[in-house]
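Close look at the chain arrangement
So the chains spell out like this:
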Amino acid sequence: MKKPPQDLSNLLHLSGKLPELAEKAELLNNLNRYLKQIIDGPAAEQLKVANLRQGVLVVETSSAAWAARINFQKPKLLRQLQAETLPMLTAIEVKVNPGLAMGNVNSQMNHTYISNEAAQHIAALADHVEGSLGEKLKRLAALASRNRQSND
């Protein structure tokens with residue numbers, strides 16, 4: 001007889017390495033949110049808590065310029081983190097990770113483009129749907145063809 005499937009949340013809290021990893025991931029996530037609250041200005045959007053090891057908080061930034069700005073704030077951040085959340089913290093290490101900048105670019109992409117094939121599928125669907133939804137689908141397909149004509 002087969003055992004019934006277990007809930008994944010139960011597996012996270014059993015013995016082994018998985019509970020330790022889940023606990024550390026939760027700690028890093030909470031530290032990331034807290035650090036973004038106490039960092040001044042737009043620098044908060046350009047950083048991410050990457051690790052906490054042997055009393056050193058590792059923070060990643062999207063560029064060397066943002067790393068320099070955060071390095072100026074390190075003494076203040078270290079004192080504040082030691083006083084409020086991590087008394088065992090001894091240092092903050094700032095590293096550059098250009099991949100963070102790539103994540104910001106992807107979130108700002110223009111998602112209004114509809115391919116020719118997608119527009120044809122939408123138009124075909126609109127022919128079989130009645131009412132306001134059918135009308136809206138027809139307008140969407142027409143919008144896609146207008147966008148292609150303006151880009152040509």
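Provided above is the structure to which this section pertains.
Read on for an overview of the structure. These figures come from a predicted structure and were not determined experimentally.

Let's shift gears to the sheet that holds strand β1 (residues 47-53). Pairing in this open sheet of three strands is mixed, and the strands run β1-β2-β3 from one edge to the other. The sheet terminates laterally at β1 and β3 (91-96), the two strands that pair on one side only. Neighbour-to-neighbour, the strand axes of this sheet turn through a mean angle of 25°, independent of strand direction. As paired elements, strand β2 (residues 56-61) and β3 share six bridges and run parallel to each other. Paired with E60 across the bridge in β3 is K95.

Core analysis: the biggest nonpolar cluster contains 23 residues, and L35, L57, L81, L89 and I92 have the highest contact counts within it. For this core, the elements supplying multiple residues, two or more each, are α2 (17-38), β1, β2, α3 (64-84) and β3. Per element, the largest residue contribution to this core is six residues, and it comes from α3. Setting aside anything within four residues of it in sequence, one finds L81 in contact with Y34, L35, I38, L57, L86, P87, L89 and I92. With seven residues, the next largest nonpolar core counts I114, A119, I122 and A126 among its residues.

What counts as what
All residue numbers refer to position in the chain's written sequence, counted from 1. Owing to the predicted nature of the model, reporting of local features is limited to residues with pLDDT of at least 70; listing and counting of side-chain atom pairs is limited to 80 or more, with chain, interface and lining totals taken over all residues. Values shown for side chains rest on all heavy atoms present in the structure; no hydrogens or waters enter the calculation. For two strands to be treated as a pair, DSSP must find no fewer than two bridges joining them. Numbering of helices and strands runs from the N terminus; a helix is a DSSP stretch of H or I covering at least four residues, while a strand is a stretch of E covering at least two. A fitted line through C-alpha atoms represents every axis, and for helices the fit uses only the stretch in contact; the resulting angles, taken between N-to-C directions, go from 0 to 180 degrees. As used here, the term nonpolar core means buried Ala, Val, Leu, Ile, Met, Phe, Trp, Tyr and Cys residues forming a set that is joined through side-chain atoms within 4.5 Å. Exposure categories follow from relative accessible area, calculated using a 1.4 Å probe and restricted to protein chains: below 20% of the type maximum is buried, above 50% is exposed, and the middle band is partly exposed. Note on contacts: a residue pair qualifies if any of its non-hydrogen atoms lie within 4.5 Å across the two residues.

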